Amino acid sequence: MKGSTVKGRSGGRTGRWRRAPGDTSGAIDTRHRWPRTVPAAALRGVELIHLGGGESLPCPDAESLPLDPSAGRLGLGTARLSLPPARVHVLSGATIHPGSRVVTAADGRVIAESVMSSIVGHAPLDDVEMRAAPLDVEGCWAVFRSPLRSLYHTLVDDLPRAGLLIHPALARIGSMRLVHDGPLAQVEAGLLAHLGSPRVRLEEVAPGRPIRPERVVIPNFVTRFGAGAVPSWYRRWSDGVVLPRVPDAPRRIHLLASTAPPSDTAGDLAEVLARHDVEALPLDELDPMQLLGVLRDAELVIGSAGQGLAGCLFSRRTHVVELLDRQTLDPAIYYLAASKGLPYDYVPSGPVADGSGTDVDWLDRLLTRLR
C-alpha cells in the first residue's frame with residue numbers, strides 16, 4: 001500500500017505508509033449540534049456490497065457479571081453476542097469530514113453507516129469543518145478513523161473497518177484512497193502496514209476541510225458499541241501480525257500508566273503484585289507496537305480498560321484481569337477477551353467510602369487461585 005498527502009485538488013507526494021511519532025488525534029473541544037442521520041440505503045444511486053453474515057459468539061459468563069446498567073440498555077449481558085454483518089456502501093455526492101470522521105449526504109445529513117448510532121449526539125464534531133465548503137477531488141475515497149478516538153477504538157473499530165476494504169469482492173471498484181486526518185499514530189501505521197492491498201492508498205489530509213470525492217466507500221462497523229468483541233477473520237489476522245520482540249519482557253504484567261491518578265491502595269496493590277511475581281510495566285517505556293509484542297506472549301496481564309488492556313486483542317494465551325474503578329463493570333474488555341478465547345477476571349474497586357482504589361484482598365485471592 002502507498003500513502004500520500006493531499007495538497008489541493010490532485011493530491012501530493014506518494015510513498016510507503018509512514019509512521020508518525022505520536023498520536024495527534026486528540027478530541028475536539030468544540031461540540032457540534034449533530035445533524036440528522038440517514039441510512040445509506042435511503043439515498044439514490046447507492047450500491048450495497050454484502051461481504052458476509054454477522055457472527056454469534058458464546059458469552060456464558062456475561063449474565064453473571066455485575067454489569068453497569070448502561071450495558072443492558074445497549075443489549076449486552078446475554079449468553080450470546082451477535083456481531084453486525086460485514087457490508088460496504090458505495091455512493092456518489094457524499095462529503096467526507098476528516099476531522100469529525102463522519103460522511104454526510106448531499107443534503108447535509110450524516111450517513112448512518114459512517115458512525116455508530118449509539119454515539120450520535122455525543123461524540124465531538126468540528127463545527128467549522130461541518131459547515132465549510134467541500135473540496136472536490138477525483139476518484140474513490142474511504143474514511144479510516146471513527147469519531148471515537150483512543151487505542152481501544154483504533155484496534156476494535158477502525159482497523160476492522162479498514163480490513164473490509166481489501167476484501168476480494170471490492171476489487172471491481174478499483175483503487176481507492178483511505179483518508180486519515182493528520183499524521184498516523186505509530187500503532188496505526190504499524191498495523192496498517194500488515195493490513196495492506198495495492199488497491200488502497202493512504203491519504204493524509206488536514207482536518208477542517210471537507211472532501212467531496214466522485215465516489216465514497218463506507219464500510220460498516222463489524223463490532224458492537226460497548227463490546228470489544230471482534231469477528232473471527234480479524235482475530236486470525238491479529239494472531240498472524242509480526243510484532244517486535246522485547247528481550248527479557250515479563251510474562252506476568254501489571255500495566256502501569258504514568259498518567260493514572262493516585263490511589264489510596266497503591267502501596268498495598270504493589271505489595272500483593274510483588275508477592276505473586278507480577279511485574280509493573282510502565283506504558284511510557286515501550287512504543288505501542290512493542291507493547292503489543294509483550295502482550296502477545298504474556299501469561300497474565302492486569303490493568304485498567306483505559307491503560308492498554310485493549311492490546312490483549314493481540315495476545316494468544318493471556319489471562320486478562322481488569323481492575324475496575326467502581327463496583328460495576330463496563331463489559332468492553334470482557335467481550336474482547338471472550339472473542340479471542342482468553343480467560344477473563346475482574347477486580348472491583350475497594351470497599352471504602354468513596355470507592356477509590358483496588359480491592360487488594362479480592363485481587364490477592366484471585367492471584368492465589370490462578371497460581
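Bear in mind that the values here come from a model prediction, so they are computed numbers and not experimental data. Per-chain numbering applies: the sequence of each chain, read as written, is numbered from 1 onward. Residues qualify for local features only when their pLDDT is at least 70, as the model is predicted, and side-chain atom pairs are given and counted only at 80 or more; totals for whole chains, interfaces and linings, by contrast, use all residues. As a rule here, side-chain values cover all heavy atoms of the structure and leave hydrogens and water aside.

**Some words on the overall build of the chain**
Line of reasoning, step 1. Where helices and strands are cited, they refer to DSSP runs of H or I of at least four residues and of E of at least two residues respectively, numbered from the N terminus. Helices and strands together make up the secondary structure of the chain, namely 9 helices and 21 strands.
Line of reasoning, step 2. Only protein chains enter the accessibility calculation, which uses a 1.4 Å probe; a residue whose area is less than 20% of its type maximum is buried, one above 50% is exposed, and one in between is partly exposed. Residues counted as buried form 54% of the 371 residues belonging to the chain.
Line of reasoning, step 3. In the chain, the share of contacts with a sequence separation of at least 24, taken over all contacts with a separation of at least 6, comes to 77%.
Line of reasoning, step 4. Of the roughly 16,300 Å² of accessible surface on the chain, a fraction of 51% belongs to carbon and sulfur atoms. Contacts are residue-level and defined by heavy atoms, with any inter-residue pair within 4.5 Å sufficient. Note that accessible areas follow from Shrake-Rupley with a 1.4 Å probe, and for residues the cover is restricted to the protein chains shown.

**Re helix α6 (residues 266-275)**
Line of reasoning, step 1. Residues of α6 that are buried include every one of Leu-269, Val-272 and Leu-273, and no others. On an axial view of α6, the arc spanned by its buried residues comes to 95°, and they lie on one face. Turned more than 90 degrees away from the buried face of α6, the exposed residues are Gly-267, Glu-271 and Ala-274.
Line of reasoning, step 2. Where α6 is buried, its residues touch β17 (252-256), β19 (300-303) and α9 (360-370).
Line of reasoning, step 3. Positive phi appears at Asp-277, one or two residues downstream of α6, with a value of about 60°. In this description, the arc belongs to the directions extending from the helix axis to the C-beta atoms.

**Section: the pattern of salt bridges**
Line of reasoning, step 1. Salt bridges are defined as contacts in which a side-chain nitrogen from Lys or Arg sits within 4 Å of a carboxyl oxygen from Asp or Glu. Evaluated as defined, the whole model comprises 17 salt bridges.
Line of reasoning, step 2. In this structure, Arg-109 engages Asp-107 in a salt bridge whose closest nitrogen and oxygen atoms are separated by 2.7 Å.
Line of reasoning, step 3. With relative accessibility at 23%, the residue Arg-109 sits in the partly exposed group.
Line of reasoning, step 4. Across the salt bridge formed by Arg-145 and Glu-188, the nearest N and O atoms sit 2.6 Å from each other. Here Arg-145 is found in the loop between β12 (140-143) and α3 (151-164), whereas its partner Glu-188 is found in helix α4 (residues 186-192), with 43 residues between them in sequence.

**What to know about the sheet that holds strand β21 (residues 344-347)**
Line of reasoning, step 1. A pair of strands is treated as paired once DSSP finds two or more bridges between them. Strand order in the open sheet formed by 5 strands is β18-β17-β19-β20-β21, with parallel pairing between adjacent strands. What marks the edges here is a single partner per strand, and that holds for β18 (279-282) and β21. Each adjacent strand pair in this sheet contributes to an overall mean axis angle of 25°, direction not counted.
Line of reasoning, step 2. Only the stretch in contact is used when a helix axis is fitted, and all axes are lines through C-alpha atoms; the angle between N-to-C directions ranges over 0 to 180 degrees. Each of β17, β18 and β19 is contacted by helix α7 (residues 288-297), which is oriented at about 145° to β17, the strand it contacts most.

**A word on the nonpolar core**
Line of reasoning, step 1. The definition of a nonpolar core used throughout is a set of buried Ala, Val, Leu, Ile, Met, Phe, Trp, Tyr and Cys residues joined through side-chain atoms within 4.5 Å. Judged by nonpolar contacts, the single largest core of 74 residues is most densely connected at Leu-170, Met-176, Leu-191, Val-217, Phe-314 and Tyr-335.
Line of reasoning, step 2. Discounting chain neighbours no more than four positions away, the residues touching Val-217 are Val-88, His-89, Val-90, Cys-140, Trp-141, Ala-142, Val-143, Leu-165, Leu-170 and Met-176.
Line of reasoning, step 3. Counting 18 residues, the second largest nonpolar core, distinct from the first, contains Val-38, Val-103, Ile-211 and Val-216.

**Here we look at unusual backbone geometry**
The bulk of non-glycine residues show a negative phi, and the bulk of peptide bonds are trans.
Line of reasoning, step 1. At Arg-101, a residue that is not glycine, the phi angle is positive and equals roughly 60°.
Line of reasoning, step 2. Following the sequence through the fold, Arg-101 ends up in the loop between β8 (95-97) and β9 (102-104).
Line of reasoning, step 3. We classify Arg-101 as buried; its relative accessible area is 2%.
Line of reasoning, step 4. The phi angle at Asp-248 is positive, at roughly 60°, despite the residue not being glycine.
Line of reasoning, step 5. Among the residues examined, Asp-248 registers a relative accessible area of 81% and is labelled exposed.

**Regarding the layout of surface pockets**
Unfilled space is identified by rolling a water-sized probe across the atoms.
Line of reasoning, step 1. Using a grid of 1 Å spacing that covers the protein atoms alone, one calls a set of points a cavity when a 1.4 Å probe fits there but cannot get out, and a pocket when the set is open and has protein on both sides within 12 Å along at least five of seven lines; lining residues are those with an atom within 4 Å of a point. Grid points are joined across faces, edges and corners, and a volume is the space filled by probe spheres set on the points. The space that makes up the second largest pocket amounts to roughly 300 Å³.
Line of reasoning, step 2. As for the second largest pocket, its lining consists of 14 residues, of which Pro-84, Met-116, Ser-117, Phe-221 and Thr-223 are closest to the centre.
Line of reasoning, step 3. Here the lining of the second largest pocket is composed, by residue class, of 7 nonpolar, 4 polar and 3 charged. Residues are grouped as follows: nonpolar covers Ala, Val, Leu, Ile, Met, Phe, Trp, Tyr, Cys and Pro; charged covers Asp, Glu, Lys and Arg; every other residue, Gly included, is treated as polar.

**Structural notes on α3**
Each turn of an α-helix holds 3.6 residues, which means side chains three or four residues apart point in the same direction.
Line of reasoning, step 1. The terminal C-alpha atoms of α3, which comprises 14 residues, lie 19 Å apart, in line with the 20 Å expected from a rise of 1.5 Å per residue.
Line of reasoning, step 2. If you look at α3, its biggest bend is around 30°, right at Asp-158, and the proline Pro-160 turns up within four residues after that.
Line of reasoning, step 3. Taking burial as the measure, the 14 residues of α3 include 13 buried ones, the bulk of the element. To estimate how far a helix should extend, the number of its residues minus one is multiplied by 1.5 Å. Throughout, the bend at a residue refers to the angle made by two axes, fitted to the seven residues ending there and to the seven starting there.

**Some words on the packing of aromatic side chains**
Line of reasoning, step 1. Only centres within 6.5 Å qualify two rings of Phe, Tyr or Trp (six-membered ring in Trp) as a pair; their planes then separate them into stacked at under 30 degrees, edge-to-face at over 60, and tilted for everything else. Using the criterion set out here, one finds 6 aromatic pairs in the structure.
Line of reasoning, step 2. The rings of Trp-233, Tyr-234, Trp-237 and Phe-314 are connected pair by pair, giving a single aromatic cluster.

Everything listed here is a matter of coordinates, which is why it stays silent on function.
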